[in-house]
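# Descriptive structure summary
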Amino acid sequence: MTARDWHLVDGFHQHCSQTSLLRRWGRTRFARRDLSRLLAHAECWIGLDADEEPVGLVCVGPVSGQEGVVDLGLQVADARQCQGIGTALARHAADAARFRGAHTLTAYTQASHTAVIRILDRLGPARHVRDGPYVEVHVALDPNSPDRPGSPQAATG
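We now turn to the structure provided with this report. (Residues numbered from 1 in each chain as written. Predicted model: local features only at pLDDT ≥ 70, side-chain atom pairs only at ≥ 80, totals over all residues. Heavy atoms only, no water.)

## Things to note about the overall build of the chain
For clarity, the cut-off: Helix and strand assignments follow DSSP, with helices taken as H or I runs no shorter than four residues and strands as E runs no shorter than two, numbered in order from the N terminus. Each radius of gyration is computed over the set of C-alpha atoms, and the globule rule expresses the reference value as 2.2 Å times the number of residues to the power 0.38. Only heavy atoms enter the contact rule, under which two residues are in contact if any of them lie within 4.5 Å.
Helices and strands together make up the secondary structure of the chain, namely six helices and six strands. Listed N to C, the secondary structure of the chain is α-α-α-β-β-β-α-β-α-β-β-α in terms of helices and strands. At 15 Å, the chain has a C-alpha radius of gyration in line with the 15 Å of a compact globule built from 157 residues. Principal-axis analysis of the C-alpha atoms gives the chain an extent of 45 × 30 × 30 Å. Looking at the chain alone, contacts between residues at least 24 apart form 53% of all its contacts between residues at least 6 apart.

Here it is as structure tokens:
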């Protein structure tokens, strides 16, 4: 995805509730400048349905700055949730991150956001770190990941 895809991103966000936007972005509007900032720091894809309508948005980028660790951002249009779209987009993003050398994928979300947590748990061995009403999920993308549950490094993290 590039900045030229703004019309798709804008159209997608028009199919998301204010609650959904607030949960994902921390505000109820996503502006063109937000897309430019996002694309400067992450690789993003937009999911389209059979009619080429946008149904989901997924991004991976080195938010933490840790070598081999990428952060996942995921959002699915409200009316299209629970149809496997989020899982497919998250798998695509995890595969792309793994291909580019990442060993760990992380996501920070509300602990009550169980649908996203289930998606993350399906991507590979996951470790959850609770932070009040939030949880940071660390998914091991390869067998040697220091974030693989049970590894000595995971116990100290």
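## Some points on helix α4 (residues 85-99)
As a reminder of what qualifies: A helix's residues, less one, multiplied by 1.5 Å, set its expected span. Exposure classes here rest on a 1.4 Å probe applied to the protein chains alone. A residue is buried below 20% of its type maximum, exposed above 50%, and partly exposed in between.
Between its terminal C-alpha atoms α4 stretches 21 Å, which fits the 21 Å expected from 15 residues at 1.5 Å a residue. All buried positions along α4 are accounted for by Ile85, Gly86, Thr87, Leu89, Ala90, Ala93, Ala94, Ala96 and Ala97. The inward-facing, buried residues of α4 abut β1 (43-48), β2 (54-61), β3 (69-76), β4 (104-110) and α5 (114-123). With its phi angle positive at about 100°, Gly101 sits one or two positions after the end of α4.

## So, the nonpolar core
Heads up, the condition is: Nine residue types can take part in a nonpolar core, namely buried Ala, Val, Leu, Ile, Met, Phe, Trp, Tyr and Cys, and a core is a set of them joined through side-chain atoms within 4.5 Å.
With 27 residues, the main nonpolar core has Leu72, Leu105 and Leu120 as its most contacted residues. For this core, the elements supplying multiple residues, two or more each, are β2, β3, α4, β4, α5 and β6 (134-140). Among the elements that line this core, the one with the most residues is α4, at seven residues. In this view, Leu105 contacts Val60, Val70, Leu72, Ala94, Leu120, Leu123, Val137, His138, Val139 and Leu141; residues no more than four positions away in its chain are not counted. In terms of nonpolar packing, the next biggest core, distinct from the first, is built from 16 residues, Phe12, Trp25, Cys44 and Cys59 among them.

## A look at the side chain of Thr106
For Thr106, the location among the structural elements is in strand β4. Those residues within four positions of Thr106 in sequence are excluded, and the remaining contacts are Val69, Val70, Asp71, Leu72, Glu136, Val137 and His138.

## Things to note about the packing of aromatic side chains
Condition: Within 6.5 Å between ring centres, the rings of Phe, Tyr and Trp (the latter by its six-membered ring) count as paired, and their orientation is classed by plane angle as stacked under 30 degrees, edge-to-face over 60, tilted in between. Comment: the charge-over-ring label is applied if NZ (Lys) or CZ (Arg) is within 6 Å of the ring centre and within 35 degrees of the ring normal.
One pass over the structure, following the stated rule, counts three aromatic pairs. Ring geometry for Trp6 and Phe30: centres 6.4 Å apart, planes at 20°, overall stacked. With Trp6 in helix α1 (residues 6-14) and Phe30 in the loop between α2 (18-25) and α3 (32-41), this residue pair connects regions lying 24 residues apart in the sequence. Owing to a relative accessible area of 12%, Trp6 belongs among the buried residues under this scheme. Note on Tyr108 and Tyr134: the rings are 5.3 Å apart at their centroids and 15° apart in plane angle, and the pair reads as stacked. Residue Tyr108 is located in strand β4, and its partner Tyr134 is located in strand β6; the two are separated by 26 residues in the primary sequence. These aromatic residues form a ring-pair network of at least three members: Trp6, Trp25 and Phe30. A cation over a ring is seen here: Arg24 above Trp25, with NZ or CZ 4.0 Å from the ring centre.

## A closer look at the side chain of Ser20
By the element assignment, Ser20 lies in helix α2. Taking relative accessible area as the criterion, Ser20 reaches 13% and is therefore assigned buried. Ignoring any residue separated from it by four or fewer positions in sequence, one finds Ser20 in contact with Gln75, Asp78 and Gln81.

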